[in-house]
Amino acid sequence: MPPHRYEQAEITAAFAEFCLGPGGDAAVVRRLHRNARVEARNLALPLERYAALRDFTEANDEFLAVAEDLAALALLGALDAAGIAPGEVDLVVSTTVTGLAVPSLEARVAARVGLRPDVKRVPLFGLGCVAGAAGVARLHDYLVGHPDQVAVLVAVELCSLTVQRGDRSVANLVASGLFGDGAAAVVAVGAEAAARRGLAGPQVVDSRSHLYPDTGRTMGWDIGAHGLTIVLDAQVPVLVRRYLGADVRGFLGDHGLRPADVGAWVSHPGGPKVIEAIQDELDLPSDALEMTWRSLAEAGNMSSVSVLHVLRDTLVKRSPAPGTPGLMMAMGPGFCSELVLLRC
């Protein structure tokens, strides 16, 4: 997480002025932020700096500076926890949707963290909130074909830098209260490498993607002179109710499982209405998405980073028994979903 942490009320007061400008109704912002059920967030910059950002160029320059630091910290921390040296990494996947970087983030930090010059690089852009789960799935796809190798995913999202000055749209006001900033990294090893190193941990069993028809304007960015302007339709919870339950049941059923068999639910915290829709559609017990609710309250929706944050907390704080079926899931621009079946 970036070091600048604020209670939601502090952010609300600052962003209400930033988004509304003179004469705006701050009560509307307070209501939307309160409904997000976020208690505190970490921001890329000190709160007072946001009003001084003049344009997209300045915002993106700040993104590059902060994102590189967070990417390096997250990746080195994950490798250290796994007991794997940076020079042993064969593939690095990076993902972000809150800033533009060419060269991409993984190239910018490769020498800094000690990755080999011949490391394979796969930057992902445009997947948004779904990219944490999709990134884990793509690591798995690669390692099935390269079982003796090591692959890593690094996700960085600085959502606060995309909030638009003077934009009174509901989408911008909701985003200013819901989204947070952070980074996460995942280290994955192929089956042969795991056996050789004596490593144990969650296993990816399978994954499934679903791109939903006629939903292209449900979530995403409009990119223009002012940078990244959020597209966020109120239909997101409706689409969750329409599609996700059937998707999850079908995916689990192909592996002889039902929702009741899943002991670890690792769900992206898209927002209160989305989480409630998931609970309802899958008929989950009240504590099944506890880690998702906690992540939302503690950090906000960090786009691709959030589901990895929930995964970490699930493994550390819930400690599922070895062999427990787990399901990682997220939805994002497209509109789409990604499901990853885990064996904890």
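To be clear, the structure that these remarks concern was listed above.
Quick caveat, the model's predicted, so the values are computed rather than measured.

Visitor: Give me the lowdown on the packing of aromatic side chains, citing residues and values where you can.
Guide: The final tally for this structure, using the stated rule, is four aromatic pairs. Summarising the aromatic geometry, the rings of Phe 15 and Phe 18 are spaced 6.1 Å apart at their centres and angled 40 degrees between planes, so their arrangement reads as tilted. Remark: Phe 18 and Phe 15 occur in helix α1 (residues 8-20); sequence separation between them is three residues, near one turn of the helix. A single burial state applies to Phe 15 and to Phe 18, both of which are buried. Ring geometry for Tyr 212 and Tyr 243: centres 4.3 Å apart, planes at 15 degrees, overall stacked. Of this pair, Tyr 212 sits in the loop between β7 (203-211) and β8 (219-224) while Tyr 243 sits in helix α8 (residues 236-253), and the two are 31 residues apart along the sequence. Judged by its relative accessible area of 19%, Tyr 243 is buried. Pairwise contacts between aromatic rings join Phe 15, Phe 18 and Tyr 50 into one cluster.

Visitor: Could you give an account of the side chain of Glu 157, with specific residues and numbers?
Guide: Note that Glu 157 resides in strand β5 (residues 150-158). In this structure Glu 157 is buried but unpaired, with Arg 41 as the nearest side chain of opposite charge at 13 Å. Beyond its immediate chain neighbours, meaning those up to four positions away, Glu 157 contacts Thr 95, Thr 96, Val 97, Thr 98, Gly 180, Asp 181, Gly 182, Met 302, Ser 303, Ser 304 and Val 305.

Conventions we followed
- Residues numbered from 1 in each chain as written.
- Predicted model: local features only at pLDDT ≥ 70, side-chain atom pairs only at ≥ 80, totals over all residues.
- Heavy atoms only, no water.
- Phe/Tyr/Trp six-rings, centres within 6.5 Å; stacked < 30°, edge-to-face > 60°.
- Helix = DSSP H or I, 4+ residues; strand = E, 2+ residues; numbered from the N terminus.
- Buried < 20%, exposed > 50% of the residue type's maximum accessible area, 1.4 Å probe, protein only.
- Lys, Arg positive; Asp, Glu negative; His and termini not counted.
- Salt bridge = Lys/Arg side-chain N within 4 Å of Asp/Glu carboxyl O.
- Contact = heavy atoms within 4.5 Å.

Structural measurements only, silent on function.
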